[in-house]
Amino acid sequence: MKNSTLASLFLALPLSVLAAPAAFAADGECGKVTEAEMNWASAGVAAWVDKIILENGYGCDVTLVTGDTMPTFTSMNEKGEPDIAPELWVNAVKVALDKAVSDDRMVITAEILKDGGVEGWWIPKYIQEAHPDIKTVDDALKYPELFPDPEDSSKGGIYNCPAGWNCQISTSNLYRAYDAENKGFNLVDTGSAAGLDGSIANAYERKKGWLGYYWAPTAILGKYEMVKLDAGVPNDKANWDECTSQPDCPNPVPNAYPVSDVFTVVTKDFSEKNAIAMGYLSKREWSNDTVGKFLAWQTDNQGTNEDTAYYFLENYPDVWKAWVSPEVAKKVEDAL
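Nothing here was measured: the structure is a model prediction, and the numbers come from that model.

It is worth spelling out the layout of surface pockets at this point. One number sums up the size of the largest pocket: a volume of about 1,200 Å³. Lining the largest pocket are 46 residues, and of these Trp89, Glu119, Tyr213, Trp215 and Ser260 lie nearest its centre. Looking at the lining of the largest pocket, the element that brings in the most residues is helix 15 (residues 288–301), giving four residues. Split by residue class, the lining of the largest pocket holds 22 nonpolar, 13 polar and eleven charged. The computed volume of the second largest pocket comes to approximately 230 Å³. Considering the residues around the second largest pocket, the lining is formed by 15 residues, among which Leu221, Gly222, Met226, Asn288 and Asp289 are closest to the centre.

Written out as structure tokens, the structure reads:
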């Protein structure tokens, strides 16, 4: 669910910040830029895409530094560096970010994942095509035989998250909320992230049924076409925070996973001193489908973040050219 405070702050940004990059390209110099290369693939690739475009298209001098959600946010908030966090999952730092923005220490430039971070229960697309009546979680729970438990084929199976992940708690609670056990389903322990990924790959390769938790954007969903089931109810944030996401929830009820806001965030000082980079960043966004596809390429080809950034720029020109002027696009293309 989109956060109204963050949305209002984003909409309240001055038009000079949200203007097209072409408006700034002829004025001044971009200068030095520091950006966090976050330690997950989509954010790491975004940092390299920014570096290539800013350096070749605008003449910036970009240095990438190692980053992660909390260390990067804390450093930007307290020390004013690095200048840019390309992909900040806002739900993890919502209260602190709201305060940092209101206190003029940080600025939200754009929503890099325009679909937001998406979680839920999914089934393979070929199952949904064969059974178009399956659109919601309750619909899927009518057919345990379509989603067999790998250890007990007489039961259906719902694949859970690895231990230690919050999604294991929420999936377990929703398993109870939807009364899945009485509908013929077991909750399947995947053991690890690799086990969860492998269960989807194995099902797809054998064209078998699969039902369980996953999220986007990810390489797995970029490689295997999956359909997210409707929860059948809207997200109840209060209940989610108090019950669905809590390990001691006594009486869980059906609830939809919240959509996570995912923004590019910069320091206030940088936003005021580098209009060229800000103009570009305010336009830079992509869809989960696009991210999933280039992450699948990265996994299949064991590519680095830099390799994948070049792959994206070479294969998705219609996406990134919408962020820049034709003159800048020509400079970037000449450098590829």
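What follows is about unusual backbone geometry. Glu81 connects to Pro82 through a cis peptide bond whose omega is -5°. Position of Pro82 relative to the elements: it lies in the loop between helix 5 (69–79) and strand 3 (84–89). Pro217 follows Ala216 through a cis peptide bond whose omega is 10°. Among the structural elements, Pro217 can be located in the loop between strand 9 (212–216) and helix 11 (219–223). Phi at Asp104 takes a positive value of approximately 65°, unusual for a residue other than glycine. Topologically, Asp104 is positioned in the loop between helix 6 (94–102) and strand 4 (106–110). The residue Gln302 is not glycine, and still its phi comes out positive at about 50°.

Turning to helix 6, a few remarks are in order. Three or more residues of helix 6 are buried, namely Leu97, Asp98, Ala100 and Val101. Down the axis of helix 6, the smallest arc covering the buried residues is 165°, so these residues share one side. Along helix 6, exposed side chains directed more than 90 degrees from the buried face belong to Val95 and Ser102. Downstream of helix 6 by one or two residues, Asp104 has phi in the positive range, about 65°.

When strand 1 (residues 32–38) meets strand 2 (residues 61–67), the two strands line up parallel, connected through seven bridges. Counterpart to Ala36 in the pairing with strand 2 is Val65. Considered for its hand, the β-α-β crossover made up of strand 1, helix 4 (residues 41–58) and strand 2 is right-handed.

Here the focus is the packing of helix 15 against helix 16 (residues 305–315). At a minimum axis distance of 10 Å, the contact between helix 15 and helix 16 shows a crossing angle of 130°. Compared by their axis directions, helix 15 and helix 16 come out oblique. Helix 16 is crossed by helix 15, and the crossing has right-handed handedness. Within the contact between the two elements, helix 15 uses Thr290, Phe294, Trp297 and Gln298 and helix 16 uses Asn305, Asp307, Thr308, Tyr311 and Phe312. The residue inventory of the contact of helix 15 with helix 16, partitioned by class, reads four nonpolar, four polar and one charged.

Moving on, we get to the side chain of Asp83. In this structure, Asp83 sits in the loop between helix 5 and strand 3. With no salt bridge to any partner, buried Asp83 finds its closest opposite charge in Lys273, at an N-O distance of 8.9 Å. Leave out the neighbours within four places in its chain, and Asp83 touches Lys32, Val33, Thr34, Met76, Val265, Val266, Thr267 and Phe270.

Let us look at helix 4. When the terminal C-alpha atoms of helix 4 are compared, their 25 Å separation across 18 residues agrees well with the 26 Å that a helix rising 1.5 Å per residue should span. For helix 4, the buried fraction is high: 15 of the 18 residues fall into the buried class.

For the structure shown, the criterion picks out three disulfides. The disulfide bridge from Cys30 ends at Cys60, spanning 2.0 Å between sulfur atoms. With the S-S dihedral at roughly 100°, the linkage between Cys30 and Cys60 falls on the right-handed side. One end of the pair, Cys30, is in the loop between helix 3 (22–25) and strand 1; the other, Cys60, is in the loop between helix 4 and strand 2, with 30 residues separating them in the sequence. The burial state of Cys30 is the same as that of Cys60; both residues are buried. Across the disulfide from Cys161 sits Cys167; the S-S distance is 2.1 Å.

The rules we used
Sequence order as written defines the numbering, with residues in each chain counted from 1. pLDDT decides what is reported in this predicted model: residues at 70 or higher carry local features, side-chain atom pairs at 80 or more are listed and counted, and totals for whole chains, interfaces and linings draw on all residues regardless. Based on all heavy atoms of the structure, the side-chain values leave hydrogens and waters out of the count. A 1.4 Å probe that fits into a set of points on a 1 Å grid over the protein atoms alone but cannot get out defines a cavity; an open set with protein on both sides within 12 Å along at least five of seven lines defines a pocket, and lining residues are those with an atom within 4 Å of a point. Grid points are joined across faces, edges and corners, and a volume is the space filled by probe spheres set on the points. A helix here means a DSSP run of H or I that spans at least four residues, while a strand means a run of E at least two residues long, and both kinds are numbered starting from the N terminus. Classification used: nonpolar for Ala, Val, Leu, Ile, Met, Phe, Trp, Tyr, Cys and Pro, charged for Asp, Glu, Lys and Arg, polar for all others including Gly. Any residue under 20% of the maximum accessible area for its type is buried, any over 50% is exposed, and the rest in between are partly exposed; the area is computed with a 1.4 Å probe on protein chains only. To obtain the arc, one takes the directions from the helix axis to the C-beta atoms. The pairing criterion for strands is at least two bridges between them, as found by DSSP. Note on handedness: a clockwise path from strand one over the helix to strand two, with the strands aimed away from the viewer, defines a right-handed crossover. To define axes, lines are fitted to C-alpha atoms, for helices over the stretch in contact only, and angles between the resulting N-to-C directions are given on a 0 to 180 degree scale. When describing relative orientation, an angle under 35 degrees is termed roughly parallel and one over 145 degrees roughly antiparallel, while 65 to 115 degrees is termed roughly perpendicular and anything else oblique. Should the near helix be turned counterclockwise from the far one by less than a right angle, the crossing is left-handed, whereas a clockwise turn marks it as right-handed. The contact rule is simple, with two residues in contact once any of their heavy atoms fall within 4.5 Å. In this charge count, Lys and Arg are treated as positive and Asp and Glu as negative; neither His nor the chain ends contribute. Here, a salt bridge means any side-chain nitrogen of Lys or Arg that lies within 4 Å of a carboxyl oxygen of Asp or Glu. For a helix, the expected span equals 1.5 Å multiplied by the number of residues minus one. By definition, disulfides here are pairs of cysteine sulfur atoms that lie within 2.5 Å.

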